[in-house]
Amino acid sequence: MNVIIIGAGIMGTTFATLAKELAPELDITILERLDGPGAGNSWVFNNAGTGHEANCELNYTPVDEEVISVEKAVKIHAQFNVAKQFWAYLIQKGAIKDPKSFINQTKHCTIVSEPSIQELKLRFNEMSSHHFFEQMRYSEDFDEIKSWIPYTMEERPRHEKMAATVIETGTDVNFGALTEQMAKHAVDDLGVKIEYGTHVKRVHRSPAGSWLVETQSRGVDRRYKADVLFVGAGGGAFPILKKSHLPFARRFTGFPVGGRFLQAEITAEQAEQYRAKTYGKAKVGAPPMSVPHLDLRVSDGRYYLLFGPFASFKPVLERGRGFLDYLRSMRLHDIPSLLNVAIEHFPLVKYLVSETFKGEKSMFEELDSFAPGMSKKFNWKAVEAGQRVQIIRDGDLQMGTEILVSKDKTYGTLLGASPGASVSPEVMLRCLEQLLPSTFTSEEAGEKKKEIFPEDNLDFLAKNPERYREIRDAVNERLGIKQSVSQQD
C-alpha cells in the first residue's frame, strides 16, 4: 500500500514511524515544505516545550462556581503517559541514544495570587486524590514556594499572599530534536522516504480513486500518487482539506493565532537554581494558549528562560507563508463562520488585536508582574513563536485537536493545536486505527503494538492505579525522570 504523508513535523513523522513499526510492508513517503524535519511548529522555540500532562495548566480544569472539572486533565495526563511509552520504546530500540537530547526533568508548577487561591486549592484537592496527580504538593508558605520556583519569588514582597502547586516529575521536551531523531530512524532503519523543499499545491482524486498530490520542488513540478493520504501539516492542513473536495471540508475553517516569547539564555548553574515551568492564570478573554508561564528550556546542551506567550492575530497559516496564502485557502462558505466567531468571541478578537501591537516595554512589565525584578536579571529579547491555527467547526471556535478521516479511509488529517505535540503518539495511534485499520489485524502487528505500548487504553490507565504506576515508573526510568528529586536537581 502506498501512503503519502504531508508534513514532517512531530505529527507526520510520528505517524510514519509508528505505521512502519507496525506494518513494515507499507510504502511511505513524507512531503515536507521546509528543508528539514521538525523545522516548523515542532522546532524548539516555536512552542513552549511543556510535556503537557495537565500538571500545571489551569485551563485544563475549568471551574463553574465551586465545581471543578478534571476530566480533561485526566485524559491529557493519560495521553502523555502513552506518549512516554512510545518514546521509551524508541530509546530501548536504540533509535534515540540519549533521552536528554529531547526530554529533561523540569518541575511543573502553578502559582496564583490571592483572588485565585481558593480555586487553586480546590483544584489541588480534586486532582491530588487521583493517582495521576498523587505526587502534587500545595503550599501557601512564601519560603516553601520560593524553594520550588525562586525566580518568581525572590523580589516579591513577603506580604503578598500567593499559593502554588508543584509536581517534580514534569518535563521540558524539545520536540524539534525528537522529530529530527525520529525522522533519521524512519529513513535509515524503517525505509521511509522524505522529500524536503516540496510544496504541495493541490490534492485531488483520480478517476480510479487514488489521491493525486501536485507539488513543486525548487521550481520543478511533480505529481505523487497515494492509496492513502495523511495530512499533518499544521495550519497548512486547512487549505489542503479545502482542495480535497471531501464533504466534511465545508464544516471546517481555520482561525490563526500567532505569538511571541521573551527569551534569555542562562548558565547551567542558573538553570539548576530554577529547573521549572511555572504557569499562572490567563487574562480574561485570553485564549487558552496565552496562559502566562516562565519556563526553563533546554536545547543542544544550552539553557534558556522563556516567558510568555504574547498572543497576536496574524492571518497566516504557517511561519514563512504570507497573507495571500491564507486568503487563497478561504472559500465563500467560510465567511459566515469567521463572522460568527468575530461576534461570539469579540473579547478574544479584541484581546488578540491589542496583543499584536504590544511593545517590549509592556512585555517586560508583564514579566515583572509575574516574577518581580526578572526583566533586569537577564538579557531578554523578544522572539517569534510558531503559528497556531485553531479549528472553527460549524461556525464555533474549538480549542483542541480533531482527527478527520474520510468514509472510504483513504484521507486523514489532524486539525487544531494544544496540547498537540505532547500527545502526538497517542493521537497518531488513534489516527492509524481509523485510517489504516488493516495495520492492526496481523498477530505480528498486535505483538509489536504491545511492545511499543504496554497499555494504551486511557480509561484503563485512569482506573487502575497499580498498573498505571508500574508503567509510569518503567518509562520514567528509561527517560531519565526520577520519582523524587531535591529542590536543586
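Residues numbered from 1 in each chain as written. Predicted model: local features only at pLDDT ≥ 70, side-chain atom pairs only at ≥ 80, totals over all residues. Heavy atoms only, no water.

### Quick notes on helix H2 (residues 71–93)
The periodicity of an α-helix, 3.6 residues per turn, causes residues three or four positions apart to be oriented the same way. Threshold: Working definition: helices are DSSP H or I runs of at least four residues, strands are E runs of at least two. Numbering for both runs from the N terminus. To estimate the expected span of a helix, subtract one from its residue number and multiply by 1.5 Å. Each residue is assigned to one of three classes by its accessible area relative to the maximum for its type, calculated with a 1.4 Å probe on protein chains only: buried under 20%, partly exposed between the two thresholds, exposed over 50%.
Look at H2: 34 Å from first C-alpha to last across 23 residues, which is about the 33 Å you get at 1.5 Å a residue. Most of H2 sits out of view: 18 of its 23 residues are buried. Trailing H2 by a residue or two, glycine 94 shows a phi angle of about 90°, which is positive.

### Quick word on the sheet that holds strand S11 (residues 198–205)
For clarity, the threshold we go by: Criterion used throughout: strands pair if DSSP finds at least two bridges between them. In this analysis, axes come from line fits to C-alpha atoms, helices being fitted only over the stretch in contact, and the angle between any two N-to-C directions falls in the range 0 to 180 degrees.
In spatial order, the strands read S11-S12-S13; together these 3 strands make up an open sheet with antiparallel pairing. Of all strands in the sheet, those bounded by a partner on one side alone are S11 and strand S13 (220–226). Adjacent strand axes in the sheet meet at a mean angle of 25° when their direction is disregarded.

### Examining empty space enclosed by the protein
Quick note on the threshold: A 1.4 Å probe that fits but cannot get out identifies a cavity on a 1 Å grid over protein atoms alone, an open set with protein on both sides within 12 Å along at least five of seven lines counts as a pocket, and a residue lines either if it has an atom within 4 Å of a point. Grid points are joined across faces, edges and corners, and a volume is the space filled by probe spheres set on the points. Under the scheme applied here, ten amino acids are nonpolar (Ala, Val, Leu, Ile, Met, Phe, Trp, Tyr, Cys and Pro), four are charged (Asp, Glu, Lys and Arg), and all others, including Gly, are polar.
Summed over all chains, the structure comprises 3 cavities of 30 Å³ or more. What the largest cavity holds in volume is close to 120 Å³. Lining the largest cavity we find 15 residues, and of these Glu53, His77, Thr169, Tyr468 and Arg472 sit closest to its centre. By volume, the second largest cavity is sized at about 50 Å³. Phe238, Pro239, Lys242, Thr253, Gly254, Leu317, Tyr326, Ser329, Met330 and Asp334 are the residues that line the second largest cavity. Counting residues per element, the ones that place at least two in the lining of the second largest cavity are helix H7 (237–244), strand S15 (252–266) and helix H9 (323–329). With 3 residues, the top contributor of residues to the lining of the second largest cavity is H7. Considered class by class, the residues forming the lining of the second largest cavity number 5 nonpolar, 3 polar and 2 charged.

### So, the sheet that holds strand S14 (residues 228–231)
Ordered in space as S10-S2-S1-S14-S23-S22, the 6 strands form an open sheet in which the pairing is mixed. With partners counted over all chains shown, the strands left at the sheet margins are strand S10 (193–195) and strand S22 (401–405), one partner each. Going across the sheet, the axis of each strand differs from the next one's by a mean of 15°, ignoring polarity. Alignment of strand S2 (residues 27–31) against S10, held across 3 bridges, turns out to be parallel. When the bridges of S10 are listed, leucine 31 appears paired with glutamate 195.

These results come straight from atomic positions and should not be treated as a statement about function.
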